[in-house]
Amino acid sequence: MQLSQEEALNAQYTSNNTAAQNSLNSEEATLSSIGTVLQRIREIAVQAGNGALDSTDRDSLGTELQQREDELLSLMNGKDASGHYLFGGSQSDQQPFVRNPDGSYTYLGDEGKTNVQVASSTFIALGDNGKDLFENVFNANRVSTNHATVGVNADGTLSTGRISLGLVTDKNAYDTTFPASNPPAATDGIGIHFLNSTDYVVYDQATLPVGFNWATYNPVTPPAGQLTTGAIDTNTASTDFISYGGVKVQIDGVPQTGDDFLVNRKPDEEKRSLLNTVSDLRKALQGSGDTQEDARVIRDAAAVGISNLDAVYTKVDAVRGSIGARLNTLDSTGDFIADVSLVNKAVKSDLEDLDYADAISRLSLQSTILSAAQQSYVKISGLSLFNFIN
C-alpha cells in the first residue's frame, strides 16, 4: 500500500515536472524574442537621437516603432502550451497587458507566482509575473526640469539657455544625495543658478534663503543651501552636462546671468513600464517637426528611452538566467524521481509476483532440513570425541 501511494506521488511529480519544463521553455523562447525586439527598438532610439534627421525620417522611424510596439504587446501577452498567460502572475487566465484608448498601457495581472511541487520538498515557479519584469522598472526620467528664470546679460543679451530632460544615471547617489524629504515630494530638488554665461551654483531649493539676492553672491561666504559650483565652456558647439546627486542634465544654447534652472523629484513617476516607454518615444517621433527645438525634444526622449530600455533588458537577461537554473533543477529532480520510481516498481513487482504456494513449500523444506541438522548435532555431540573435547 505504501509503495503504491509513493508511486502515485512520483507520477504526479513527474507530470508537474513536465508541465513546468513546457511552461519555462515557452517563457524562455518568448523572452528571447522580446530581447531581439528590444535590441531593434534601441537601435531606432539611437537613430532618432541623430539631430540630422528631419521630420519625415523621424516619422518613418515612428512607423516602424509602432510595429515593434505591437509585436512587444503580443509577446508579453504570450501563452504556454496549456493556454495560460506567461506573464499574468497567478491570474494566468486573464490577458495581462491591455492598450488604453489614449495609447498608454495597463497591467491587469498580479504580482503572484504559481509554484508546482516536483519532489517532496522541491517547488518550482512556473513563470515570472509581468509586474516585476516589465512594469517595476526604474524610470530614468523620474525628475522634472524647468527653466524657472530667464537670464539677461548686462548688455541686455537675453539667454538662449535650455535645460534638457533629467536623467538619473546613478541610483545610489540619487537615493542618498539628491535632496529629499520623508516621504519624497515634488518640491524636493536642486536649482542651477548661472552667475554669468559659464559659472553656475547648484543649490538645494529647500534651504536656500528665500529671496536670496544673487547679485551679492560671494564664493568665500556662500549662502546656505549651496551644494556645489562649476562652469561650462564657451564653445556653443560642444555638449555641456551638469551632474549632481546622480542626476544629469544637458544645457543647450548660451545661458546668461540670472538664468535659474530647477530639477525636482517626480515621486509619482519613479517607475515606467516597458510598453509605455516605447509608446512615449513613438509618440514623440510621430509628432515631430523640423525646428531645432523639435530635434532637441527627440534627442531627450531618445536618451530617456535608451536608458529605460537598457534597464528592462538587464531584467529580462537576469530572468532568463533564472529560468535556466530552474530548468536544471527540473532535470536533476526528474532524474532522481525516475530512479526512485524504478526501484519502487522493482520492489513492488517482487512482492506482487510472489508464488505463495511455492514459497510455503520451500519454507517447509528448509524447516525440515534445519530440524534434521539440529537432531544430527545432538547425536554427534554425544560421541566420545566430543565428550573428550568438552
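Residues numbered from 1 in each chain as written. Predicted model: local features only at pLDDT ≥ 70, side-chain atom pairs only at ≥ 80, totals over all residues. Heavy atoms only, no water.

Another point: the overall build of the chain. Looking only at helices and strands, the chain features eight helices and 13 strands. The buried share of the chain, reckoned over its 390 residues, is 39%. Long-range pairs, those at least 24 residues apart, make up 70% of the contacts in the chain between residues at least 6 apart in sequence. (Helix = DSSP H or I, 4+ residues; strand = E, 2+ residues; numbered from the N terminus. Buried < 20%, exposed > 50% of the residue type's maximum accessible area, 1.4 Å probe, protein only. Contact = heavy atoms within 4.5 Å.)

Turning to the sheet that holds strand 8 (residues 189-194), a few remarks are in order. Whether parallel or antiparallel, the strands of a sheet pair through hydrogen bonds between backbone atoms. What the five strands build is an open sheet, ordered 5-13-8-9-10; its pairing is antiparallel. The open sheet has two edge strands, strand 5 (143-149) and strand 10 (226-231), and neither has a second partner. Neighbouring strand axes in the sheet, compared pairwise and without regard to direction, differ in orientation by 20 degrees on average. The pairing of strand 8 with strand 9 (residues 199-204) spans five bridges and is antiparallel. Looking at strand 9, one finds that I192 is bridged to V202. (Pairing = 2+ DSSP bridges. Axes fitted to C-alpha atoms, helices over the stretch in contact; angles between N-to-C directions.)

Along the chain, A237 falls in the loop between strand 10 and strand 11 (240-244). On the accessibility criterion, A237 (69% relative accessible area) is exposed.

Let's shift gears to the side chain of E69. Here E69 lies in helix 2 (residues 55-76). A distance of 2.5 Å separates a polar atom in the side chain of E69 from a polar atom in the side chain of Y105. (Polar contact = N/O pair within 3.5 Å; in protein donor to acceptor, adjacent residues only side chain to side chain.)

So, on to the packing of helix 2 against helix 5 (residues 274-286). In contact at an axis separation of 8 Å, helix 2 and helix 5 are set at 160 degrees when each is read in the N-to-C sense. As far as their axial angle goes, helix 5 and helix 2 are roughly antiparallel. Crossing handedness for the pair helix 2 and helix 5: left-handed. On helix 5, the residues that touch R58, D59, L61, G62, T63, L65, Q66, E69, L72, L73 and M76 of helix 2 are L274, L275, V278, S279, L281, R282, L285 and Q286. Classifying every residue of the contact of helix 2 with helix 5 gives 10 nonpolar, five polar and four charged. (Parallel < 35°, antiparallel > 145°, perpendicular 65-115°, else oblique. Left-handed = near helix turned anticlockwise from the far one by under 90°. Nonpolar A, V, L, I, M, F, W, Y, C, P; charged D, E, K, R; others polar.)

This paragraph deals with the nonpolar core. Counting 43 residues, the largest nonpolar core has L31, I34, L72, F134 and L274 as its most contacted members. Elements that contribute at least two residues to this core include exactly helix 1 (2-48), helix 2, strand 2 (105-107), strand 3 (115-119), helix 3 (130-135), helix 5 and helix 6 (292-352). If we ignore the near neighbours within four places in the chain, the residues touching L274 are L38, L72, M76, F134, L309 and V312. (Core = buried A, V, L, I, M, F, W, Y, C linked by side-chain atoms within 4.5 Å.)

With that settled, consider empty space enclosed by the protein. If a probe the size of a water molecule is rolled over the atoms, the empty space left behind becomes visible. For the coordinates displayed, the defined rule picks out one cavity of 30 Å³ or more. Here the largest cavity defines a volume of roughly 40 Å³. Considering the residues around the largest cavity, the lining is formed by I190, I192, V202, I242, S243, Y244, V247, V249 and V263. At three residues, strand 11 tops the list of elements feeding residues into the lining of the largest cavity. (1 Å grid on protein atoms, 1.4 Å probe; cavity = no way out; pocket = protein on both sides within 12 Å on 5 of 7 lines; lining within 4 Å. Points joined across faces, edges and corners; volume = space filled by probe spheres on them.)

Next up on the list: the environment of E135. Here E135 lies in helix 3. Placed 136 residues apart in sequence, E135 and K271 show a C-alpha to C-alpha distance of 7.2 Å. Not counting residues within four places of it along the chain, the set of residues in contact with E135 comprises F97, Y107, G130, K271, R272 and S273.

Per the stated rule, a full pass over the model turns up nine aromatic pairs. Note on Y174 and F178: the rings are 5.3 Å apart at their centroids and 35 degrees apart in plane angle, and the pair reads as tilted. With respect to class, Y174 is no different from F178; both count as buried. Among the aromatic side chains, those forming a connected cluster through ring pairs are F87, F97, Y107 and F134. (Phe/Tyr/Trp six-rings, centres within 6.5 Å; stacked < 30°, edge-to-face > 60°.)

Residues V150, V152 and L158 make up a contiguous nonpolar surface patch of roughly 260 Å² in combined accessible area. Tracing the sequence through the fold places V152 in the loop between strand 5 and strand 6 (162-163). (Patch = residues over 30% accessible without salt bridge, like charges linked within 9 Å, V, L, I, M, F, W, Y side chains within 5 Å. Areas by Shrake-Rupley, 256 points an atom, 1.4 Å probe, with all protein chains shown as cover. Salt bridge = Lys/Arg side-chain N within 4 Å of Asp/Glu carboxyl O.)

It is worth spelling out helix 2 at this point. Relative to the 32 Å expected for 22 residues at 1.5 Å per residue, helix 2 spans 30 Å between its end C-alpha atoms, a close match to the ideal helical length. Looking at helix 2, one finds that the buried residues are S55, R58, L61, G62, E64, L65, E69, L72, L73, L75 and M76. You can read the cap of helix 2 off the contacts: a side-chain oxygen lies 3.1 Å from the backbone nitrogen of T56, and it is on D54. (Expected span 1.5 Å × (residues − 1).)

We now examine helix 5. Helix length check: helix 5 (13 residues) gives 19 Å between terminal C-alpha atoms against 18 Å at 1.5 Å per residue, within 8%. Those residues of helix 5 lying buried are L274, L275, N276, T277, V278, S279, L281, R282 and L285.

Examined bridge by bridge, strand 3 and strand 4 (residues 122-125) share four bridges and lie antiparallel to one another. Opposite V116, over in strand 4, you have I124 as the bridge partner. Once strand 3 ends, the chain turns through two residues before running back antiparallel as strand 4.

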